Amino acid sequence: MNSNRIALTALLVFVGVLPALGRARQLTDADYARAAKFLLDSTDPLVGHFVDPLVDHDVQHVKWLDATHFWFRDHGAAGDRILEMDAATGKVSPAFNQVKLAAALGKARGKSMNPRRWPAFGFGFHRVRDGDLVVRFGKKKYRCNLSGAGVCTVSKKKSKRGGEFGYGFHPRSPNGKWRVFLRNWNLWIRNVATGKNTQLTTDGVRKFGYGMKKNGIAFVRWSRSSKELVAFRVDQRKVKDMYTVVTRVGHPTLQTWPYPLPGDKHVFMVHPAVIDVATRKVRPLKMAPEQRLGSWSDIRWSPDGKTFALVSTSRNQQDEWFRVADTATGVVRTVFEYTAKDFYQGWYGRPDWQYLPNKGVAIWPTEQTNWMNLYLYSLKTGRMLHPITMGKGDVIQVSYVNRKTGTLWYVGVGRTPGMNPYYRQLFKVNIDTGKTALLTPRNADHIITMSPGGRYFVDSYSTPTTPPVTVLRSAANGRVIATIARANIGRLKAMGWVPPIPFTVKARDGKTTLYGLMYKPTNFNPHKKYPIIDFIYPGPQIGSIATFSFRSEQGSHQALAELGFIVVAIDGMGTPYRSAAFQRYWYGDMGDDTIPDQIAGIKQLAARYPWININRVGIWGHSGGGNATVSAMLHYPDFFKVGWAESGNYDNRDYEYSWGERWEGLLVKHKNGTTNYDNQASELLAKNLKGHLMLVVGSIDNNVPPSNTYLMVNALMNANKNFSMLVVPNERHHYGSHTPYVTRRCWDFFVKYLAGNKPPHEFNGMPKTLDK
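Procedures and definitions
- Residues numbered from 1 in each chain as written.
- Predicted model: local features only at pLDDT ≥ 70, side-chain atom pairs only at ≥ 80, totals over all residues.
- Heavy atoms only, no water.
- Helix = DSSP H or I, 4+ residues; strand = E, 2+ residues; numbered from the N terminus.
- Rg over C-alpha atoms; globule rule 2.2 N^0.38 Å.
- Buried < 20%, exposed > 50% of the residue type's maximum accessible area, 1.4 Å probe, protein only.
- Contact = heavy atoms within 4.5 Å.
- Pairing = 2+ DSSP bridges.
- Axes fitted to C-alpha atoms, helices over the stretch in contact; angles between N-to-C directions.
- Expected span 1.5 Å × (residues − 1).
- Disulfide = S-S within 2.5 Å.
- Patch = residues over 30% accessible without salt bridge, like charges linked within 9 Å, V, L, I, M, F, W, Y side chains within 5 Å.
- Areas by Shrake-Rupley, 256 points an atom, 1.4 Å probe, with all protein chains shown as cover.
- Salt bridge = Lys/Arg side-chain N within 4 Å of Asp/Glu carboxyl O.
- Core = buried A, V, L, I, M, F, W, Y, C linked by side-chain atoms within 4.5 Å.
- Lys, Arg positive; Asp, Glu negative; His and termini not counted.
- Polar contact = N/O pair within 3.5 Å; in protein donor to acceptor, adjacent residues only side chain to side chain.

A. Representation of the overall build of the chain. When helices and strands are tallied, the chain shows eleven helices and 45 strands. Computed over the C-alpha atoms, the radius of gyration of the chain is 27 Å, within 12% of the 28 Å expected from 2.2 N^0.38 for a compact globule of 772 residues. Considering only C-alpha atoms, the chain reaches an extent of 90 × 70 × 65 Å along its principal axes. Within the span of the chain, comprising 772 residues, buried residues form 56% of the whole. Partitioning the intrachain contacts of the chain with sequence separation of at least 6 by distance along the chain shows that 58% fall at a separation of at least 24.

Here it is in structure tokens:
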């Protein structure tokens, strides 16, 4: 090697592009196995929360059976107990005979079951009037009679013609007598008692029916009396299609579905109608068709069923119209209009506006004072009467409204000075006087589950470093009625687990405080230098940190740290829950991706901790995080040296229209060929790539179609850039059974290119249940 090559190599080593010569360490299967044992992250789709097999008595969520009873899964080293609590007395008892039910289910399924092992995924139950249990187990439902020896029978089979009897998708009427479903683009109802099916509509046709698919989900909302329902007929006939190809031996299968893009002339248009169940009369609402935005459940019925409220949204998502429809005539009246400066952020998750016709008012959430607060509006005049909540901090969820007393319970963040602004707390407020009471004052994040009648709530509180305590409280004053569970992390500690380190740094502006979590190897040595990996999700609808409640692991952060890295996650500006100004900091410039905040934070951490190697910075993320990873590698190629990007929307002009049009604005094409979306199009910066970049994509991704990744690939090739790519066959936005392989390759990539070490050859010890 000549002197010039030696000098160049030394320079690249100094800035961290290349590993230091002679220092590469060969990692072994044992090193990877030690990391793999920390892959504890899983989410239970039944209740939508994190499940950790090594945390005993972790009851962060419960399922209410009625106004005074709920059940929960109490997991421990000896197995699982399915318990039920009577909220009125605080008494806990077995929810059912586990031995009998396991035997009966095992016989019905043709597969024996351990009565002490109940799945964290896909299990649930409720009681019917005759005392039988209706049990959901996997993709099937069973009706179980546990008198005598106990017997279970399959109650409903999934239709081969489509998902018409899918669990939880085709709403049962409030009185429990009817279940509505979609067949051949039209609505049908089933008499639950007799099984008789009756067709409700006949005007549904291909791509202009009462759902998005021929036999898919029926978009309806029942009235309280179960006599009427609101249905949405969706016109998608002119919407342009998206395509993917399923590969197999022989001819592949082409998958086609409507998928509008920003700037498209034709998008999904909705025609609402009221249907009388008894007469099967369909009464279209007297209003123009409107685009399909927001939630299908964005309907609020009056108690008497004579009227209901609905909210319409403009395509640019700035304008909202609060409307009231007359059930008998279909006449629609606009009560008031609200226009936001850029986009309307009215709620997080489910819609939180309320319709209270008996009081002649509506409750409307807005950020007009920079914080999400609730306001009372007159249904008669459409004028705002007064604020219900005031001050700093966001109202993020309305948990319950007592229509008789005018009392409202809501979850708020950032409303208690001196507390982590992401910690959730439950408040009670009178909608007429604004008098407010904090019901969960403990300095922690509170997961709240209200009872159906609003008399009780279950409060599971924890922090990133302290395990959950779950209690039953009175909704009147927050008084603790009973302790449900105290999580025990003894087994978790015994396997070597250490908690993440919460930290704060200043944002790019040098003023705003940002919150993050840091993960260090369990064998951390303060005298060593560690490369740092930034896990990123830029929002704007969520941030990089899934929750500030207790989790033994979030994704694979601790596992990755075990391989010799410092791993951080920072919620930067542009993400929610902090204020309207915070979330909109880079509205209209999605190429920002909160990356300047990530860089500012990492630099501060490196100045604070000498064991962080600021010259070796990696970044990775999934979906929007994949997009941000590529953006970081191209906007700041001298700072980020290695990037792992999964399923990214690298140019939102090729992603679903309502996403880009909400955060970037409506697409504007200029005369010179440029657009207002150019600032977020990563392929336009392909020439800037310097470091090691891996692109991962599922070949049939129907969220961010693979064509988005291929555009990025094409630009990198045209720029003559080296990069890596991994196409996961026949997987969608996440990678299913291929997840262990993808995770192992991710580890290999960072070990080789960021740490400068050698990964073991084709490590084969990843947990097989791991599934992104």
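We are not done yet, so read on.
B. Highlighting the sheet that holds strand β30 (residues 394-402). Spatial ordering of the open sheet is given by β30-β31-β32-β33, a layout of four strands whose pairing is antiparallel. Across the chains shown, the open sheet's two edge strands, defined by having one partner strand only, are β30 and β33 (436-438). Each adjacent strand pair in this sheet contributes to an overall mean axis angle of 25°, direction not counted. As paired strands, strand β31 (residues 407-413) and strand β32 (residues 424-430) are joined by seven bridges and run antiparallel to one another. Across the sheet, residue Val413 finds its bridge partner in β32, namely Arg424.

C. Highlighting the side chain of Asn627. Along the chain, Asn627 falls in helix α8 (residues 624-635). Not counting residues within four places of it along the chain, the set of residues in contact with Asn627 comprises Asp593, Gly648, Asn649, Tyr650 and Ser682.

D. Local environment of helix α11 (residues 739-753). Taking 1.5 Å per residue as the helical rise, α11 with its 15 residues ought to reach 21 Å, and the 21 Å between its terminal C-alpha atoms agrees with that figure. Within α11, eleven of the 15 residues are buried, which leaves it mostly tucked inside the rest of the structure. All of the buried residues in α11 are Thr739, Pro740, Val742, Thr743, Arg744, Cys746, Trp747, Asp748, Phe749, Phe750 and Val751.

E. Summary view of the environment of Gly138. If you trace the backbone, Gly138 turns up in the loop between β8 (133-137) and β9 (140-145). It is 35 Å that separates the C-alpha atoms of Gly138 and Lys240, two residues lying 102 residues apart in sequence.

F. Molecular detail of the state of the cysteines. By the definition in use, this model includes one disulfide. Between the sulfur atoms of Cys144 and its disulfide mate Cys152 the distance is 2.2 Å. Since a negative S-S torsion denotes a left-handed disulfide, the Cys144-Cys152 link at about 115° is right-handed. Cys144 gets classed as buried once you look at its relative accessible area, which sits at 1%.

G. Examining the sheet that holds strand β22 (residues 299-301) more closely. Pairing is antiparallel across the open sheet formed by four strands, whose spatial order is β22-β23-β24-β25. Only two strands of the sheet have a single neighbouring strand rather than two, namely β22 and β25 (332-339). Averaged over all pairs of adjacent strands, the angle between strand axes in this sheet comes to 20°, irrespective of strand direction. Pairing geometry for strand β23 (residues 307-313) and strand β24 (residues 319-326), over seven bridges, is antiparallel. Residue pairing for β24: Phe308 is matched across the bridge by Ala325.

H. Representation of a nonpolar patch on the surface in the model. The grouping of Tyr243, Val245 and Leu254 at the surface amounts to a nonpolar patch, some 300 Å² of accessible area in total. Here Val245 lies in strand β17 (residues 241-246).

I. Summary view of the nonpolar core. Counting residues in each nonpolar core, the largest one holds 88 residues, and the members touching the most others are Phe565, Trp747 and Phe750. Top contributing element to this core by residue count: α11, with six residues. Core analysis: the next-biggest nonpolar cluster, separate from the first, contains 26 residues, Leu376, Ile388, Val429 and Phe457 among them.

J. Structural detail: unusual backbone geometry. Look at the link from Gly539 to Pro540: it is a cis peptide, with omega at 10°. Within the chain, Arg280 stands out as a residue other than glycine whose phi angle is a positive 60°. Checked against the element boundaries, Arg280 lands in the loop between β19 (269-276) and β20 (281-284). The backbone of Thr594 shows a phi angle near 55°, a positive value even though the residue is not glycine. Mapped onto the secondary structure, Thr594 falls in the loop between α6 (580-583) and α7 (595-608). The class of Thr594 is buried, set by a relative accessible area of 1%.

K. Representation of the pairing of β17 within the structure. Here β17 shows one buried face, formed by Met242, Thr244 and Val246, and one open face, formed by Asp241, Tyr243 and Val245. Pairing of β17 with strand β18 (residues 253-258), which is carried by six bridges, proceeds in the antiparallel orientation. Within β18, the position partnered with Thr244 by the bridge is Gln255. Two successive antiparallel strands, β17 and β18, enclose a turn made up of six residues, where Gly250 displays a positive phi of approximately 100°.

L. Summary view of the pairing of strand β6 (residues 91-94). Looking at chain direction, strand β5 (residues 79-86) and β6 are connected through four bridges and run antiparallel. Each residue of the ladder has a partner; that of Asp86, found in β6, is Lys91. Taken together, β5 and the strand that follows it, β6, pair antiparallel across an intervening segment of four residues, in which Gly90 is found at a positive phi of about 80°.

M. A look at the side chain of Asp394. Along the chain, the position of Asp394 falls in strand β30. We note that Asp394 is buried and unpaired, the nearest opposite charge coming from Arg415 at a distance of 6.1 Å. Within polar-contact distance, the side chain of Asp394 engages the backbone nitrogen of Met372 at 2.8 Å. Discounting chain neighbours no more than four positions away, the residues touching Asp394 are Tyr348, Trp371, Met372, Val411, Gly412, Val413, Arg415, Tyr577, Arg578 and Ser579.

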